[in-house]
Amino acid sequence: MYRLHTAIASAVIANCLLASPAAFASDDNLVSNKPLELDIHFHQKKFVYNNDWLVEKEAAKLTNLSLNNVASMATTNSEEAFNLMIASGNLPDIVGGEMLKENVNRYGPEGAFVPLNDLIAEHAPHIKALFDERPNVYNSIKAHDGNVYYIPYIPDGKYGRAYFIRYDWLNKLGLETPQNVDELYQVLTAFRNNDPNGNGKKDEVPFFTRHWEELIRLVTLWDGRSSGSDKYHDFYVEDGILAHGYVGDNYREGIKNLAKWYEEGLIDAEVFTRGSRSREYLLANDLGGMTHDWFASTSGYNDALADKMPDFLFKAFAPPASPSGKRVEEHRRSQVKNSGWAISYSNENVVETIKYFDFWFSEEGRRLANFGVEGVHYDMIDGKPIFKDTVLNSDTPVTSQMWAIGAQVQRGFQQDYANEEQWSNKFALDGIALYDQGDYLLEPFLGVSMNTEEKGVYDKHWITIRDYMLEMQQAWILGARDIDEDWDTYQDQLKRMGYPKVIKAMQSAYDRAYK
């Protein structure tokens, strides 16, 4: 559909590159000498771009460019909203939101979106500097034709989730913090048997998790893998070779042990069904002993439950060593997200637009995107943005306050971890410092962009393969089947379903992007 627009878009870019002056100095935020308004389709599940966001209005004052939202909340499905827009053929100047990468990298080479490589080099010094510093991020967002079609949202910080354990229960039972998987087994067994909550009942849940996928992540305790990114069930990369964790021998060993733990009552019997409120329920009722979850929100229970349970102490501890001696934290914050924004073929102000995108990567733009408006939401103290007490002490979470004004929205920008650091409590910060002392993180998989042939292979085989993997996984853990008895048949079935073809296609896309 968009092939006809390719030549037009190329001509527009070429003329703009020839006619436009060099990028403004870094201390000049203006992107246009006269006020300029561009239409934007920005859809992110629960909201669309809001013309009245304080952050949007401040950015308009600083840059002389304002955005007018044309996306509808008639659907809360961002993918559906994008498909409706693309089917119409009428694209606004800017298209943004979540899960953007696959769509723009599919339709960009067909002419729907403007390639940004030259525009970045000529007019976006802040974006260019970041990509030069982090080439893997740049490589990860390229389409199969080698072009970049969107500016991504780039998270900050290394650590996301960690192992948490009830130190008050350890103290009561006279136990040390487990240092390896065998010691962890002994501790969880003691939690089950020795009544650490003191109510005379055998009602403790030694290991629980809000998301059952975090149970699967425990295969890393036996050197298995469950994912290589911040997405569950994803592929992983090691020394340039792609694989999937659910085919490895160490995964087999991990699932076998998790099935044993589940049968012995060391794992929440309702782990697959209890859902997202499990953490709140099990901790508030003095039932939960250990989990694997986010630093900030999990640490917050130490404050939330202090009055109800004065001795409550739920802290992060270092990943227990596997039988081979490895300590691994598989989850890490993503270095780049599929969210962001792109310039459509209909945009007649591509240079101004890329300069506007670049503004959000400047010092002032990045502060605005992360902390809101200076003097209203934060003050500069010793050269750093510090939230006002009215923000930090509000009954509304800081994240919700930021979203309400258009900050921390997944436009193309670089997050600043100092935002989260300011509202994280001492337990979270101490936990992060503990993890920083070790070398626990693994090589991240930043994703690939497949060409038409590769995507065809992936789409034909992968979803049914993944569903089969998850079906067997749950059956093994619940004890409905035995992984050792099934393993050879399982491997043969994966081959028949096309797993080697999927890996070959993924490896081809990976090699093209990163090697």
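Residues numbered from 1 in each chain as written. Predicted model: local features only at pLDDT ≥ 70, side-chain atom pairs only at ≥ 80, totals over all residues. Heavy atoms only, no water.

Caption draft 1: Representation of the overall build of the protein. When helices and strands are counted, the protein shows 23 helices and 14 strands. Taken along the three principal axes of its C-alpha coordinates, the protein extends 75 × 60 × 40 Å. Considering the protein as a whole, with its 515 residues, one finds that 54% of them fall into the buried category. Pairs at least 24 apart in sequence give 77% of the contacts found in the protein among residues at least 6 apart. Of the roughly 22700 Å² of accessible surface on the protein, 47% is carried by carbon and sulfur atoms. (Helix = DSSP H or I, 4+ residues; strand = E, 2+ residues; numbered from the N terminus. Buried < 20%, exposed > 50% of the residue type's maximum accessible area, 1.4 Å probe, protein only. Contact = heavy atoms within 4.5 Å. Areas by Shrake-Rupley, 256 points an atom, 1.4 Å probe, with all protein chains shown as cover.)

Caption draft 2: How the structure looks around the domain arrangement of the protein. Per the domain assignment, the segments making up the protein are domain 1 (36–154 + 337–415), domain 2 (161–316) and domain 3 (452–514). The gap between the C-alpha centroids of domain 1 and domain 2 is 36 Å. (Domains from an automatic or database assignment.)

Caption draft 3: The environment of E352, seen in detail. By the element assignment, E352 lies in helix α15 (residues 350–359). Since its relative accessible area comes to 23%, E352 is described here as partly exposed. Linking E352 and N33, residues 319 residues apart in sequence, is a C-alpha distance of 9.9 Å. When near neighbours in sequence (up to four residues on either side) are disregarded, E352 contacts V31, S32, L36 and L65.

Caption draft 4: Expanded view of the nonpolar core. Counting residues in each nonpolar core, the largest one holds 145 residues, and the members touching the most others are F113, W261, W341, Y356, W360 and Y490. Not counting the four nearest positions on each side in its chain, W261 is found in contact with V181, L184, Y185, L188, L221, W222, L266 and I267. (Core = buried A, V, L, I, M, F, W, Y, C linked by side-chain atoms within 4.5 Å.)

Caption draft 5: Geometry of the confidence of the model for the protein. For the protein, per-residue confidence averages 93 on the pLDDT scale, and 95% of positions sit at 70 or higher. Across residues 1–26, confidence stays below pLDDT 50; counting only partners more than four residues off in sequence or on other chains, it has 43 contacts. (pLDDT = per-residue confidence, 0-100.)

Caption draft 6: Representation of the side chain of D234. Within the secondary structure, D234 sits in the loop between α10 (213–216) and β8 (235–238). Buried within the structure, D234 lacks any salt-bridge partner; its nearest side chain of opposite charge belongs to K231, at an N-O separation of 4.2 Å. At 2.6 Å, the side chain of D234 and the side chain of S229 are in polar contact. Apart from the residues lying within four places of it in its own chain, the contact partners of D234 are S226, S227, G228, S229, H244 and F445. (Lys, Arg positive; Asp, Glu negative; His and termini not counted. Salt bridge = Lys/Arg side-chain N within 4 Å of Asp/Glu carboxyl O. Polar contact = N/O pair within 3.5 Å; in protein donor to acceptor, adjacent residues only side chain to side chain.)

Caption draft 7: Quick look at the packing of aromatic side chains. According to the stated counting rule, one finds 36 aromatic pairs in the structure shown. With centroids separated by 5.9 Å and ring planes inclined at 75 degrees, the aromatic side chains of F47 and W53 adopt a geometry described as edge-to-face. Here F47 falls in the partly exposed class, since its relative accessible area comes to 23%. Seen from their ring centres, F208 and F314 are 6.4 Å apart, and the 15 degrees between their planes marks the pair as stacked. Taken as a pair, F208 in the loop between β7 (205–207) and α10 and F314 in strand β11 (residues 314–317) lie far apart in primary sequence, 106 residues in all. An aromatic cluster of three or more residues is present, and its members are Y159, F164, F208, F295, F312, F314, Y435 and Y440. Over the face of the ring belonging to Y167 we find K315, whose NZ or CZ atom lies 4.6 Å from the ring centre. Taking NZ or CZ as reference, R411 lies 4.3 Å from the ring centre of W360, over its face. (Phe/Tyr/Trp six-rings, centres within 6.5 Å; stacked < 30°, edge-to-face > 60°. Lys NZ or Arg CZ within 6 Å of the ring centre and 35° of its normal.)

Caption draft 8: The arrangement of the pattern of salt bridges in detail. Taken as a whole, this structure holds 30 salt bridges when the rule is applied. Across the pair R274 and D268 runs a salt bridge whose closest N-O atoms are separated by 2.8 Å. Looking at R274, the relative accessible area reads 23%, which means it is partly exposed. Linking K426 and D430 is a salt bridge whose minimum nitrogen-to-oxygen distance equals 2.6 Å. Of the two residues, K426 and D430 both sit in helix α20 (residues 426–436), four residues apart, roughly one turn of that helix. Given the relative accessible area of 60%, K426 is considered exposed. Each of R161, E214, R217, R225 and E330 takes part in a single network of salt bridges with overlapping partners.

Caption draft 9: Geometry of unusual backbone geometry. With phi around 55 degrees, D195 is a residue other than glycine that occupies positive phi space. Within the fold, D195 resides in the loop between α9 (181–193) and β7. At D239, a position not held by glycine, the phi torsion is positive, near 55 degrees. Structurally, D239 can be placed in the loop between β8 and β9 (241–244).

Caption draft 10: Region of the structure containing the sheet that holds strand β6 (residues 161–166). In spatial order, the strands read β7-β10-β6-β11; together these four strands make up an open sheet with mixed pairing. Looking at strand neighbours, the two that pair on one side only are β7 and β11, the edges of this open sheet. Within this sheet the neighbouring strands show an average axis-to-axis angle of 35 degrees, counted without direction. Alignment of β6 against β11, held across four bridges, turns out to be antiparallel. In the sheet register, R166 faces β11, and the bridge partner there is F314. (Pairing = 2+ DSSP bridges. Axes fitted to C-alpha atoms, helices over the stretch in contact; angles between N-to-C directions.)

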